[in-house]
Amino acid sequence: MTIIWIIIFTLTPAGVSAVTTVTGYRGQSVQIRCSYDSGYETSKKYLCRGECSVWKTKDIPVQSGSAEDQRFSLHDDTTARVFTINITDLRPEDGGKYWCGIKRPKSLPDLYTEVLLLVKTVRAQFTHHSSFPSTDVQSSITAQRNPRRDLDAPDHEYDVPGGFASLLQKEARLDMICLMMSLRTALLRLSLVSLSVILGAFGTEWSVKYNQQEICALNGSTVFMNGTFTHPKRLTVTKSFWIIDPVKGVEPTDLSKDPDYSGRVEFLTDDQKHFSLTLSDVMKKDEHQFCFRIITNEEKERWLGKPAVQLRVTELHVEAPEEVTEGETVDLTCKTTCSLTDPTFIWNKNGRPLTTKTIKNNQLHLQTVSSEDAGSYSCAVGGSQHLRSTVHSLRVRYPPKNVSVSIGPSGEIVEGSSVTLTCSSDGNPPVKIYTWFKGSTSVGEGKTYSIPNIRSEDSGEYTCQSRNDHGERRSTAVNLTVFYSPKNVSVSISSSQHTLVGFSVTLTCSSDGNPPVKIYTWFKEGGTSPVGSGHRYSPLQSGSYYCEARNQHGAQNATAVSVVVKGFPYAVIYAVAGVGCGVIVLGVISIFLIRNKRRVKKSEDLLVDTVYSEIWARFATTDAALNRSASQEDVYANVSPSRPEENGKAESSPVKTSVCMAAVEVEVKEESQEDEVQYSSVRFHHCSPPIRYEDESVDSPSAIYSSVKRKTQ
């Protein structure tokens, strides 16, 4: 059975490291594992034999990519940063001094670690020579040490059972037995078979198998190691536990009793001979070899499961450039110092998981980087998301963005106050060059632009241009409006060409102000009271006039202008105006009287010879009227007025007088046979003055009618 011994150490500069002793056995294999620091992944590795001096030719049996002796091989694990040298079929001449080396540039010495390789022989030969002339018998018995045997036994010796040792010690007696027995060969064969049975019963029933020989765990995680074991049936297991880094000749300590592991380890075994170790809160200092130790009911029958389980502890860290330019492509890699088992990597940005980016194995791919990709990145492994890597800050260089201008102080800007314009922008590297423009004209530089005593002429549109190493950008324009009191107030004179001079003079007031002036007041020099208001004014007297323009920020007076009014004296003007007004009033009164006279005359003409065609008897609504006879409740259709004749003839032309017949009430005096009723009196109700004839002088509301015809119903 071939056994591989593994030794691990770290490379240091030549002449510094201590010698590491490696023991191998003839015919077996040995592995030498050398770890190195980050930065030498691509450097050439080799194994040097003897003195590796720079002044002498080096004996290099194996190096990266080639080997002079085919029994030597070299494998470099750049992820774990360990290169392994494997030597098979060990020979005694392989023993001696070796150096693990890493090639560095000519200006620097190579890195070396010294290794002393000891090759031991584990064979014991026993030879029997027979003196029988007919047969020469030579037998060779070899006992090979089981490498998983208890470390208490010496490396170069094999713990042979007592019966077998007695047989070896009495070699001479065996010769005598052979001479005395004719079946010497059969006896020898029987002895060999017995030896094989003894060896099988002693060595092959012990075994410890781990499910994993090497484990890579995250710092802070929980590790689970397990396996199975067997032992001779004649033995009873009294105790089993785990140990770390066994030392030859030293009884190992139960790991659960080690203060560094108290409360962090848990051992389990069952009747099916399964065993396990759970180690929680793994730390970097837990990088050891872990072995399962078995104690039986026999003092010398103990077992240590080797080779041990090698635990390596790693932390996650993000490998990526610290700064990129917008538009480029970048990959972020989640690195470990050892190989995790089937990990699923999870990426976080600013503490939140990324779900929209491309993730390939342990890399985060950012295609066409933008300023939004800048931030703090970390990675984790599925199942241990809480164990994140250290944060890596990715900076993105980009030209100015979001350039804007602010005005201070806020509110209305009044002429004479101080104003500051501030330019803000986002860029990497930060913007340090600012240029200010009013319209298209450059007016200043710097992050701020101040106007200490602002004037109306400073009103306008302002922009800011920001620049860094990757470009420039200008802000949108802001309108700066300055409010001020009226200025440049003046009076202009205009007159009509179609009127007499002095009768159509207009004064106009002009001014400049913000907000525009809406209040104008006119004054005559020498007076204190206003003589007019409004944008224009027409004076009636000669003199000097000026206007006052006012807004909410102040007022200003114009320079006075002189006006000379020519023509008739004002007294004549006022007299003419008075006479004109009197004529107009008299004319209106005359027109009214004439129109009224005409209307009266027209009414009298219409009422001449009035015939009252319809007169309806008004029935009394009182109780007395209701008691009248039916003959008295007549309705008279026609009543024709007639006047009594004087001197045998009637007057043909009555005076035209208005009469209104609203109702007629008659009193019946007598009734003839011809149904002609004579009335003693007729009374009119709600009537206008009765018709009056020329010769009638009595103002009586009653009239005597010659006849009244009754309208039958």
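The preceding data block contains the structure.
Note that the structure is predicted; figures quoted are calculated from it, not measured.

A.B. asks: How should I be thinking about the overall build of the chain in this particular structure?
C.D. replies: On a plain count of helices and strands, the chain comes out with five helices and 49 strands. Taking all 713 residues of the chain together, 35% fall into the buried category. Here the analysis covers contacts within the chain between residues at least 6 apart in sequence; of these, 62% occur between residues at least 24 apart.

A.B. asks: Would you mind going over the sheet that holds strand β39 (residues 505–514) with me for this structure?
C.D. replies: Pairing between the strands of a sheet comes from backbone hydrogen bonds, and it takes one of two forms, parallel or antiparallel. Reading across the sheet, the four strands line up as β30-β38-β39-β42 and stay open at both edges, with mixed pairing between neighbours. Two strands lie at the open edges of the sheet, namely β30 (413–414) and β42 (536–537), each paired on one side alone. As paired elements, β39 and β42 share two bridges and run antiparallel to each other. Paired with T508 across the strands is R536, a residue of β42.

A.B. asks: Looking at this structure, how should I read the side chain of H288?
C.D. replies: Mapped onto the secondary structure, H288 falls in the loop between β17 (274–279) and β18 (289–296). Within the structure, H288 has its side chain in polar contact with the side chain of D245 (distance 2.6 Å). A distance of 2.9 Å separates a polar side-chain atom of H288 from the backbone oxygen of K285. When near neighbours in sequence (up to four residues on either side) are disregarded, H288 contacts I244, D245, Y261, V309, Q310 and L311.

A.B. asks: Help me understand the packing of aromatic side chains in this model?
C.D. replies: The way to describe two aromatic rings as a pair is by their centre distance and the angle between their planes. The final tally for this structure, using the stated rule, is 16 aromatic pairs. Centre to centre, the rings of W99 and Y112 are 6.0 Å apart; their planes meet at 80°, and the pair counts as edge-to-face. Taken together, the positions of W99 in strand β10 (residues 96–102) and Y112 in strand β11 (residues 111–120) put the pair 13 residues apart, joining distant regions of the chain. The same class applies to W99 as to Y112, namely buried. Ring geometry for Y449 and Y462: centres 6.2 Å apart, planes at 35°, overall tilted. Within this pair, whereas Y449 is found in strand β34 (residues 448–451), its partner Y462 is found in strand β35 (residues 460–468), the two being separated by 13 residues in sequence. On the basis of relative accessible area, Y449 is assigned to the buried category, the value being 18%. Here the aromatic cluster, defined as three or more aromatic residues joined through ring pairs, consists of Y210, F229, W242, F275 and F292. Above the face of the Y36 ring, K45 is positioned so that its terminal group lies 4.4 Å from the ring centre. Across the ring face of Y484, the terminal group of K487 is positioned such that the distance to the ring centre comes to 4.8 Å.

A.B. asks: Help me understand unusual backbone geometry in this model?
C.D. replies: Most peptide bonds take the trans configuration, and most residues that are not glycine carry a negative phi. Following K306, the chain continues into P307 via a peptide bond in cis, with omega recorded as 5°. Its location among the elements puts P307 in the loop between β19 (302–304) and β20 (309–314). That bond from N428 to P429 is cis: its omega, 5°, falls within 30 degrees of zero. Its identity as a non-glycine residue notwithstanding, D89 has a phi of 50°, on the positive side. Counting through the fold element by element, D89 comes out in the loop between β9 (82–87) and β10. A positive phi is found at D342, a non-glycine position, where the angle reads about 45°. With respect to the helices and strands, D342 occurs in the loop between β23 (330–335) and β24 (345–349). Accessibility expressed as a relative area gives 72% for D342, which makes it exposed.

Analysis parameters
Residues numbered from 1 in each chain as written. Predicted model: local features only at pLDDT ≥ 70, side-chain atom pairs only at ≥ 80, totals over all residues. Heavy atoms only, no water. Helix = DSSP H or I, 4+ residues; strand = E, 2+ residues; numbered from the N terminus. Buried < 20%, exposed > 50% of the residue type's maximum accessible area, 1.4 Å probe, protein only. Contact = heavy atoms within 4.5 Å. Pairing = 2+ DSSP bridges. Polar contact = N/O pair within 3.5 Å; in protein donor to acceptor, adjacent residues only side chain to side chain. Phe/Tyr/Trp six-rings, centres within 6.5 Å; stacked < 30°, edge-to-face > 60°. Lys NZ or Arg CZ within 6 Å of the ring centre and 35° of its normal.

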